[in-house]
Amino acid sequence: MASDRNIVWHDASVSKEEQQERNGHKSFVLWFTGLSGSGKSTLANALTRKLFENDKKVYVLDGDNIRHGLNKDLGFNDDDRKENIRRIGEVAKLFVDAGHVVSTAFISPFREDRDTVRELLGESEFLEVYVKCNLDTCEQRDPKGLYKKARKGEIPNFTGIDSPYEEPENPEIVVESDSQNVEESVEQLLRELKKRDLI
Ligand SMILES: Nc1ncnc2c1ncn2[C@@H]1O[C@H](COP(=O)(O)OP(=O)(O)OP(=O)(O)O)[C@@H](O)[C@H]1O
Ligand SMILES: [Mg+2]
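The structure displayed is predicted, hence computed values, not measured ones.

Caption draft 1: Quick peek at the environment of Lys 16. With respect to the helices, strands and loops of the structure, Lys 16 is situated in helix 1 (residues 16-23). When sequence neighbours within four positions are dropped, the list of residues in contact with Lys 16 reads Ser 27, Val 96, Asp 97 and Glu 125.

Caption draft 2: Quick peek at unusual backbone geometry. You will see that Asp 55, though not glycine, has its phi angle at about 65°, which is positive. Secondary-structure assignment places Asp 55 in the loop between helix 2 (40-53) and strand 2 (58-62). Positive phi, normally seen in glycine, also occurs at Asn 157, with a value near 60°. Here Asn 157 lies in the loop between helix 7 (146-151) and strand 5 (173-176).

Caption draft 3: Representation of the site of ligand 1. Looking at ligand 1, there are 16 residues lining it, with Ser 36, Lys 40, Thr 42, Lys 144 and Gln 180 nearest. Between ligand 1 and Ser 38 there is a distance of 3.4 Å, counted from an oxygen atom to a backbone nitrogen or oxygen. Here an oxygen atom of ligand 1 sits 2.5 Å away from a polar atom, N or O, in the side chain of Thr 42. In the complex, the protein chains occlude 76% of the 640 Å² of accessible area that ligand 1 would expose alone.

Caption draft 4: Fine view of the sheet that holds strand 5. With respect to topology, five strands assemble into an open sheet ordered 2-3-1-4-5, the strand pairing being parallel. Each edge of the open sheet carries a strand with a single partner, namely strand 2 and strand 5. When the angles between neighbouring strand axes are averaged without regard to direction, this sheet yields 20°. Pairing analysis gives four bridges linking strand 4 (residues 126-132) to strand 5, with the strands arranged parallel. By the bridge assignment, Lys 132 is partnered in strand 5 with Glu 176. The sheet contacts of helix 4 (residues 78-97) involve strand 1 (28-33), strand 2 and strand 3 (101-105), and relative to strand 1 the element is tilted by about 150°. Running at roughly 150° to strand 4, helix 5 (residues 111-120) makes contact with strand 1 and strand 4 of the sheet.

What counts as what
Residues numbered from 1 in each chain as written. Chains lettered and ligands numbered in written order. Predicted model: local features only at pLDDT ≥ 70, side-chain atom pairs only at ≥ 80, totals over all residues. Heavy atoms only, no water. Helix = DSSP H or I, 4+ residues; strand = E, 2+ residues; numbered from the N terminus. Contact = heavy atoms within 4.5 Å. Near = heavy atom within 4 Å. Polar contact = N/O pair within 3.5 Å; in protein donor to acceptor, adjacent residues only side chain to side chain. Areas by Shrake-Rupley, 256 points an atom, 1.4 Å probe, with all protein chains shown as cover. Pairing = 2+ DSSP bridges. Axes fitted to C-alpha atoms, helices over the stretch in contact; angles between N-to-C directions.

Structure follows, in structure tokens:
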């Protein structure tokens with residue numbers, strides 16, 4: 001525990017509320033979850049670009065990039081996946097403290113792990129975005145060739161193939177990426193944020 005290690009919290013001289021006030025918008029996390037190839041990275045980045053062009057403070061935390069650095073010590077077994085998500089949740093929270101709109105793009109297949117991040121953040125600071133796309137479509141897209149490898153048994157514990165994906169039960173937003181295009185999905189997301197007075 002932190003208290004056992006003589007680590008004492010120091011309050012920030014600039015508060016989250018002050019950051020938000022200066023930025024002119026709320027800070028929060030859009031937690032994109034869904035199968036590999038469902039479009040999490042594509043949508044998180046397209047939305048972020050739009051928000052950036054509208055002078056919002058933004059940042060994307062993306063699965064592969066984080067695994068190159070912060071989480072390069074982690075693999076894909078259940079414990080490592082859990083720790084992967086926990087760390088990302090903590091980093092996302094720091095960006096929220098800094099006044100940013102953070103979009104995260106991780107498969108995050110387990111409900112419990114997503115709920116852990118939800119609990120880290122305030123009620124209106126976490127929006128679970130379920131990028132819903134049927135497995136066949138994801139597998140046809142296969143933008144990184146991962147499904148092909150997984151089917152050949154070259155990638156164990158691949159979500160949707162030999163590792164489960166637990167669908168969100170009460171996501172704030174569902175984007176059906178197998179029936180609408182990227183532009184329509186981004187418009188939908190912007191509408192949802194405006195409706196909630198977040199931007
Ligand atoms: N409506 C759509 N929404 C999002 N992506 C789409 C759509 N239609 C086609 N695509 C394509 O599907 C692919 C989605 O890949 P992307 O890397 O965004 O998925 P991902 O969910 O981030 O996967 P991973 O978990 O492996 O990182 C892209 O090549 C994108 O251009
Ligand atoms: Mg991705």
